[in-house]
Amino acid sequence: MEARKEIKELTEKAIKKLYGLDFSVQVLIPKDKSLGDYAISSALGIKREKKALEIAAEIKEEIKSDVFSKIEVIEPGFINFFLSPEFLKQELLKKEFFDSLDIGQGKKVQVEFVSANPTGPLTVGNGRGGPFGDVLGNVLKRAGFKVEKAYYINDYGQQILALGRSILKQSKEYSGKYIDDLGLRVKESDPYLAGRKGAQIILEEMIKKTIEGLGIKYDEWFSEAKLHEKGEVDKTIDLLKKKGWLYEKEGATWFRATAFGDERDRVLIKSNKEKTYLAGDLAYHRYKFEKKKFDKVINVWGADHYGDVVGLKAGMEALGHKDKTDIVLLQFVTVIKEGKPVKMSKRLGTAIIMDDLLEELSPDVIRFFFLAKAANTHLNFDMDLAKEQSEKNPVYYIQYAYTRICGILKKAGQFKKTGNLDLLINEKEIELMKQIYRIRETIEDTATDYQLQRIPQYAIDLAASFHRFYQECQVLTEKEDLKKQRLTLVSLTKNALKQVLDLMGVSAPEEM
RNA sequence: GUCCCCGUAGCUCAAUCGGAUAGAGCGACAGACUUCUAAUCUGUAGGUUGUGCGUUCGAUUCGCACCGGGGACACCA
């Protein structure tokens, strides 16, 4: 039984019984610890003649549960719940505590992220999707989904032609040292074929290397060109035609996206008979749902693709896959150096790239900095600050907690975990247990709303609770029973900390 | 011109469908190592949440209007 669920169920039942209302109770966590571990403000939202305080008192009277040691009613109508230490200990000692989350219920989810055009090195902006998508996938997996991480390779279309022409020195659409290098290696003289070849090399030797450097592993690299070659794009267009959602205008074939709430219709086949990006993307998403049977698809895009969200969703609705595609938009990244935004990479003469960061910072630090910010905030990545703080950094703070744990366990040697924790009554011990207990709800919430910054925040909170416990409670004491129980708690902390570090893809060093 | 995101402590950012005294880290200041690693802990200072109205018992959160920063408005991908 989870405490939050217990509160929600009991209070909703009480409200139903007392007032005959079907009320959805929202459980919150008070900012001030003295106000309890959980709280509800629902009494304030029930509009009746009675005072909220009275309503809260009546609800409280209905609630009987040994999950809580205390339930308080406070002005103007809050009900505060205090977790019972006995319940807490009992829950943490359960074998399945760390691995029985199942809000995913085995549903298949694909997370597609980065998917930067293979026309150059991975920029910082595109790269932001890397840690984000990777960690989102990890979180969903932990929450009980079957997850695939995918990179969609845009190796078809205008930008490939432009890349080929640049390699062949017929244009300067793409430039930089890497284009010159490709000019020496690519033998094809046809611009499109040269572009394809160049894109392949860029993907394999530049993008994949950077991705790997960030510690990201994909399950699938999916080629847009192959989709076209296999005729999947044509099939999808035919299907939309049969359903009556297409029309011809000025030599082009249009999709009636306005019928699904889009502000304008979208071209699928241009008047020169080439297919648009959207046509390919619709075919790709059909493939995701129909061939690979995903229940849900999450696309992590840059905010510059904001205008394409409705078009894709409209298309998927027309194809019979309504509401199965979630799109997370990541706002831009500005890299700041010496107080000024950096626009260009020194090495390549292109936009600032991920490799520039990797050169100076560990992937742990980069991942953490990126993850700690909400998707919809513009991210100012201050290189100097990141470097300067690299030794006084939240990442190290968390990792240091982990090494302290490992140090204790190593010194303690073999020990048997205790089946009860009744000697642990210190305030810091209880705090630590509460913090560990919250790992489940943190993962559940994140898997539901994709607000990934919760995870690094949780990691900091957990590390802080441990550091405070460490400061006050000597684990390896003379008192054998107490020592064993504390070692058990330390070991539980280790599990939790390791789990969040793994979720974030940040290393867990045993020594520092 | 229309649409989207952002504006919170000196800096980087949080704040759970609107909740209680707006929180962390870094930086500043003052303390704590004979200890399981001080990469830590304890304390202090720091805020009219861009501005102004409004809705509400209650607004950083919702609405309207401004100001400032970024982005999108293709038969490009």
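On a predicted model such as this, the values are computed, not experimentally measured, just so you know.

(A) Examining the confidence of the model for chain A more closely. Averaged over every residue, the pLDDT of chain A is 92; residues scoring 70 or more account for 98%. For this predicted complex, the interface confidence reaches an ipTM of 0.94, while the overall pTM sits at 0.95.

(B) Representation of the sheet that holds strand β15 (residues 379–382) in the model. With mixed pairing, the three strands of this open sheet are ordered in space as β14-β13-β15. In this open sheet, the two strands that pair with only one neighbour each are β14 (340–342) and β15. Pairs of neighbouring strands in the sheet enclose a mean axial angle of 45°, with direction left out of account. Note that strand β13 (residues 333–337) and β15 share four bridges and pair parallel. Its bridge partner being in β15, Ile336 is matched across the sheet by Asp382.

(C) Layout of the packing of helix α4 (residues 85–92) against helix α18 (residues 427–437). Where α4 contacts α18, the two axes come as close as 10 Å, and the packing angle between them is 55°. Taken together, the axes of α4 and α18 are oblique relative to one another. When you trace α4 past α18, the crossing you get is left-handed. On the side of α4, the interface is formed by Pro85, Phe87, Leu88, Lys89, Glu91 and Leu92, while α18 contributes Ile430, Met433, Lys434, Ile436 and Tyr437. Looking at the contact of α4 with α18 residue by residue, the class counts come to eight nonpolar, no polar and three charged.

(D) Geometry of the pairing of strand β4 (residues 78–83). Among the six residues in β4, five count as buried, and that is most of the element. The pairing of strand β2 (residues 38–40) with β4 spans three bridges and is classified as antiparallel. Directly across from Tyr38, in β4, lies its bridge partner Phe81. In terms of strand pairing, strand β3 (residues 68–74) meets β4 through six bridges, oriented antiparallel. For Lys70, the partnering residue across the bridge sits in β4 and is Phe82. What sits between β3 and β4 in their antiparallel hairpin is a turn of three residues.

(E) Region of interest: the protein's contact with RNA strand B. Near RNA strand B you find 68 residues, and of these Ile29, Lys270, Tyr306, Tyr397 and Tyr400 are the closest. Among all atoms of RNA strand B positioned within 4 Å of the protein, those belonging to sugar or phosphate total 65%. Here a base nitrogen of RNA strand B and a backbone polar atom of Glu250 are 2.9 Å apart. A distance of 3.2 Å separates a sugar or linking oxygen of RNA strand B from a polar atom in the side chain of Lys373. Contributions of two or more residues to the surface near RNA strand B are made by β1 (27–28), β4, α7 (158–167), β9 (252–255), β15, α17 (394–412) and α20 (454–472). Take the surface near RNA strand B: its biggest share by element is eight residues, from α17.

Rules used in this analysis
- Residues numbered from 1 in each chain as written.
- Chains lettered and ligands numbered in written order.
- Predicted model: local features only at pLDDT ≥ 70, side-chain atom pairs only at ≥ 80, totals over all residues.
- Heavy atoms only, no water.
- pLDDT = per-residue confidence, 0-100.
- Pairing = 2+ DSSP bridges.
- Helix = DSSP H or I, 4+ residues; strand = E, 2+ residues; numbered from the N terminus.
- Axes fitted to C-alpha atoms, helices over the stretch in contact; angles between N-to-C directions.
- Parallel < 35°, antiparallel > 145°, perpendicular 65-115°, else oblique.
- Left-handed = near helix turned anticlockwise from the far one by under 90°.
- Contact = heavy atoms within 4.5 Å.
- Nonpolar A, V, L, I, M, F, W, Y, C, P; charged D, E, K, R; others polar.
- Buried < 20%, exposed > 50% of the residue type's maximum accessible area, 1.4 Å probe, protein only.
- Near = heavy atom within 4 Å.
- Polar contact = N/O pair within 3.5 Å; in protein donor to acceptor, adjacent residues only side chain to side chain.

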